[in-house]
There are 2 protein chains.
Amino acid sequence: MKLFGYWRSSASYRVRIALNLKGLTVDHVPVNLKDGVHREADYSTINPQKLVPTLELENGRRLTQSAAIIEYLDETFEGAPLLPEDPVQRADVRSVMAIIGGDTAPIQNLRVLKYLRGPLEQPEPVVQEWARHWIATGLESLEAMVAGQDSPFLFTDQPSAAECFLIPQFYNARRFGVDLSGLKRLRAVEANCQALTAFEAAKPENQADATAA
Amino acid sequence: MKLFGYWRSSASYRVRIALNLKGLTVDHVPVNLKDGVHREADYSTINPQKLVPTLELENGRRLTQSAAIIEYLDETFEGAPLLPEDPVQRADVRSVMAIIGGDTAPIQNLRVLKYLRGPLEQPEPVVQEWARHWIATGLESLEAMVAGQDSPFLFTDQPSAAECFLIPQFYNARRFGVDLSGLKRLRAVEANCQALTAFEAAKPENQADATAA
């Protein structure tokens, strides 16, 4: 399989973690978001949404959207389960995926910040505060959701698709300087994740297309 | 079961369609988003994210996020399947769910528009154009994704969770005056959905808490 992705894209980062947790290896095809390569005609035939990641299967069929790809990997391949068996616990994991993948990351991603800087002519401090506001809002609601639990990971003693979403969002939170001091439980889960090779190998700075910028 | 929702919330609308497609009835508890009732302490104990919908199960356990709730309903109850059986087709349906539920609706929802009007002091025409821009971007990429198909619904001859997401987004598109003329295939699917009682009964204007405003 081939993964079209970008080292610093949090959606690509999620899928890299999931692949590692499942013990799967893929060919990584870098799509340079910063240079706008993803909006050229070429990549739009691969992904009409012109976003990363895209997973290309062995037969050439392409899947888009990190949540859909991660569920596909979990339904199709052996290895560590990315979702629990119990339907209520599965709903909790998917709720985390949606809180981050729906209500947090898309509001602070590159194309939205570009729209704030471009058509809306917002100065950089306002743009940065926008990103911090939405990341903090998302992570604080997540902290409230899991504060009562005391498992090493969000819901159980194994990382799941929820952690595939959480860790890249923490990465973004640090990039934008979000105050994480109140997120005690999430930070403990993060530390447990970062101790695992699957998470370490998926880090943006450990990707072949990573640059210093 | 109880559904905490709001007549005009597209995420609540998605779950209402899904419940109808499964043939399930629930008690509807209106949470007035416009009056800010959802941010009062009371509702935040029900849903820490202070958003709708929340599904309360018979045993009092609460599930949040429309995508997670819809997957739960599909995994737990008999009735029309909301996701196909084939893993690749499931990925396509979930990709639609994420394109709308992640990359479209959250960027144009009430709290984001409030932030544009409030802290960013953007005039109303700019706010309206923001909403139109992101809705059009999402729906156009979706049209490109499914343009080659000719089934009555997005992927098959039955509505799925993808249509539970599509129809509320079309409702929002019309509210904001998005030009839908280029979305031929999506409009055909919409017409087929709207002919079904499950979609008709879920419409915002057919809810008990609907107001003229």
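Given the structure is predicted, the values throughout are model-derived calculations rather than measurements.

Calculation criteria
- Residues numbered from 1 in each chain as written.
- Chains lettered and ligands numbered in written order.
- Predicted model: local features only at pLDDT ≥ 70, side-chain atom pairs only at ≥ 80, totals over all residues.
- Helix = DSSP H or I, 4+ residues; strand = E, 2+ residues; numbered from the N terminus.
- Buried ≥ 20, exposed ≤ 12 C-beta atoms within 10 Å, placed from the backbone.
- Contact = placed C-beta atoms within 7 Å.
- Pairing = 2+ DSSP bridges.
- Right-handed = clockwise from strand over helix to strand, strands pointing away.
- Nonpolar A, V, L, I, M, F, W, Y, C, P; charged D, E, K, R; others polar.
- Domains from an automatic or database assignment.
- Axes fitted to C-alpha atoms, helices over the stretch in contact; angles between N-to-C directions.
- Expected span 1.5 Å × (residues − 1).
- Least-squares fit on C-alpha atoms with pLDDT ≥ 70 in both.
- Parallel < 35°, antiparallel > 145°, perpendicular 65-115°, else oblique.
- Left-handed = near helix turned anticlockwise from the far one by under 90°.

J.: Got a minute to help me understand the overall build of chain A in this structure?
T.: What chain A contains, in helices and strands, is nine helices and four strands. When the helices and strands of chain A are listed from N to C terminus, the series reads β-α-β-α-β-β-α-α-α-α-α-α-α. Buried positions account for 46% of the 213 residues belonging to chain A. Considering only contacts within chain A whose residues lie at least 6 apart along the sequence, 71% involve residues at least 24 apart.

J.: Explanation requested: the pairing of strand S1 (residues 2-5) of chain B in the structure shown.
T.: On any regular strand, side chains alternate: one points to one face of the sheet, the next to the other face. All names here are of chain B. Both S1 and strand S2 (residues 27-30) contribute to a ladder of four bridges, which runs parallel. Bridging across to S2, Phe4 finds its partner in Val29. Tracing the backbone out of S1, into helix H1 (residues 10-22) and back to the parallel element S2 gives a crossover that is right-handed.

J.: Where do I start with the interface of chain A and chain B in this structure?
T.: Quite often, the size of an interface is put as the accessible area lost when its parts meet. On the chain B side, the residues contacting the 33 residues of chain A number 33 residues. At nine residues, helix H4 (residues 87-101) of chain A tops the list of elements feeding residues into the side of chain A that touches chain B. Residue composition of the side of chain A that touches chain B, grouped by class: 18 nonpolar, nine polar and six charged.

J.: Mind showing me how you'd approach the domain arrangement of chain A here?
T.: All names here are of chain A. Domain assignment breaks chain A into domain 1 (2-80) and domain 2 (87-199). Taking the mean C-alpha position of each, domain 1 and domain 2 sit 20 Å from one another. Within the residue set of the side of domain 1 that touches domain 2, elements represented by two or more residues are helix H1 (10-22) and helix H3 (66-76). Split into classes, the residues belonging to the side of domain 1 that touches domain 2 amount to eight nonpolar, three polar and one charged.

J.: I would appreciate a short explanation of the sheet that holds strand S1 (residues 2-5) of chain A in the present structure.
T.: Sheets are built from strands paired through backbone hydrogen bonds, the pairs being either parallel or antiparallel. All names here are of chain A. Across the sheet, four strands lie side by side as S2-S1-S3-S4; this open sheet has mixed pairing. Pairing within the sheet leaves two strands with one partner each, and these edge strands are strand S2 (27-30) and strand S4 (62-64). Shown here is a sheet whose adjacent strand axes are inclined to one another by a mean of 20°, direction ignored. Pairing analysis gives three bridges linking strand S3 (residues 54-56) to S4, with the strands arranged antiparallel. The residue bridging Leu55 from the neighbouring strand is Leu63, located in S4.

J.: What is the right way to read helix H6 (residues 124-146) of chain B from this model?
T.: Spanning 23 residues, H6 of chain B covers 33 Å between terminal C-alpha atoms, matching the ideal 33 Å at 1.5 Å per step. Those residues of H6 of chain B not exposed but buried are Trp130, Ala131, Trp134, Ile135, Gly138, Leu139, Leu142, Met145 and Val146 of chain B.

J.: Looking at this model, I keep getting lost on the environment of Ala80 of chain B. Mind explaining?
T.: Residues and elements named next belong to chain B. With respect to the secondary-structure elements, Ala80 resides in the loop between helix H3 (66-76) and helix H4 (87-101). Here the alpha-carbon distance between Ala80 and Ala105, two residues 25 residues apart in the chain, equals 26 Å. Ignoring anything within four residues of it in the chain, the contact list for Ala80 reads Leu21, Lys22 and Gln158.

J.: Explain unusual backbone geometry to me, please; I cannot follow it from the model alone.
T.: With the exception of glycine, the majority of residues adopt a negative phi angle, and the majority of peptide bonds are in the trans configuration. Residues and elements named next belong to chain A. Note that the residue after Val52, namely Pro53, is joined by a cis bond; omega there is 0°. Its location among the elements puts Pro53 in the loop between helix H2 (41-46) and S3. A positive phi angle, close to 60°, is found at Lys50, a residue other than glycine. Take Lys50: it is sitting in the loop between H2 and S3. Positive phi values are uncommon outside glycine, yet Gln65 reaches one of about 75°. With respect to the helices, strands and loops of the structure, Gln65 is situated in the loop between S4 and H3.

J.: In this structure, what is going on with the relation of the copies chain A and chain B? I would like to understand it.
T.: Both copies of the chain are tied together by a single rotation about an axis and a shift running along it. When chain A is brought onto chain B, the operation consists of a screw motion whose angular component is 180° and whose axial shift is 0.0 Å, with 0.0 Å RMSD remaining. The relationship between the two copies is best expressed as a two-fold rotation axis. Nearest to the rotation axis, the C-alpha of Gly102 of chain A is located 1.8 Å from it, this being the minimum over chain A. The share of interface residues of chain A whose copies in chain B are also at the interface is 100%, consistent with both copies meeting through the same surface.

J.: Explanation requested: the sheet that holds S1 of chain B in the structure shown.
T.: Residues and elements named next belong to chain B. Read across the open sheet, the four strands follow the order S2-S1-S3-S4; overall the sheet is mixed. Two strands close off the open sheet at either side, each with one partner strand: S2 and strand S4 (62-64). Between one strand axis and the next, the sheet turns by 20° as a mean value, whatever way the strands run.

J.: Help me out: how do you make sense of the environment of Gly177 of chain B in this one?
T.: All names here are of chain B. Residue position: Gly177 is located in the loop between helix H7 (161-175) and helix H8 (184-194). According to the C-beta neighbour criterion, Gly177 is exposed, with 12 such atoms within 10 Å. Residues Gly177 and Arg132, 45 residues apart in the sequence, show an inter-C-alpha distance of 7.1 Å.

J.: Quick question: what am I supposed to make of the packing of H4 of chain A against helix H7 (residues 161-175) of chain A here?
T.: Packed helix pairs are characterised by how far apart their axes lie and by the angle those axes make with each other. Residues and elements named next belong to chain A. Running from N to C, H4 and H7 cross one another at 25°; their axes reach a closest spacing of 8 Å. One finds that H4 runs roughly parallel with respect to H7. At the point where H4 passes H7, the crossing takes the left-handed sense. Taken together, the residues of H7 that come into contact with H4 (itself represented by Val93, Val96, Met97, Ile100 and Gly101) are Ala161, Ala162, Phe165, Leu166 and Gln169. The residue makeup of the contact of H4 with H7, split by class, is eight nonpolar, two polar and no charged.

J.: Where do I start with the packing of H1 of chain B against H7 of chain B in this structure?
T.: Residue and element names in this part refer to chain B. The contact between H1 and H7 brings their axes to 8 Å, and the two run at 140°. As judged from the angle between their axes, H1 and H7 are oblique. The handedness of the crossing between H1 and H7 is right-handed. Taken together, the residues of H7 that come into contact with H1 (itself represented by Ser10, Tyr13, Arg14, Ile17 and Ala18) are Ala161, Cys164, Phe165, Ile167, Pro168, Gln169, Tyr171 and Asn172. The class makeup of the residues in the contact of H1 with H7 is nine nonpolar, three polar and one charged.

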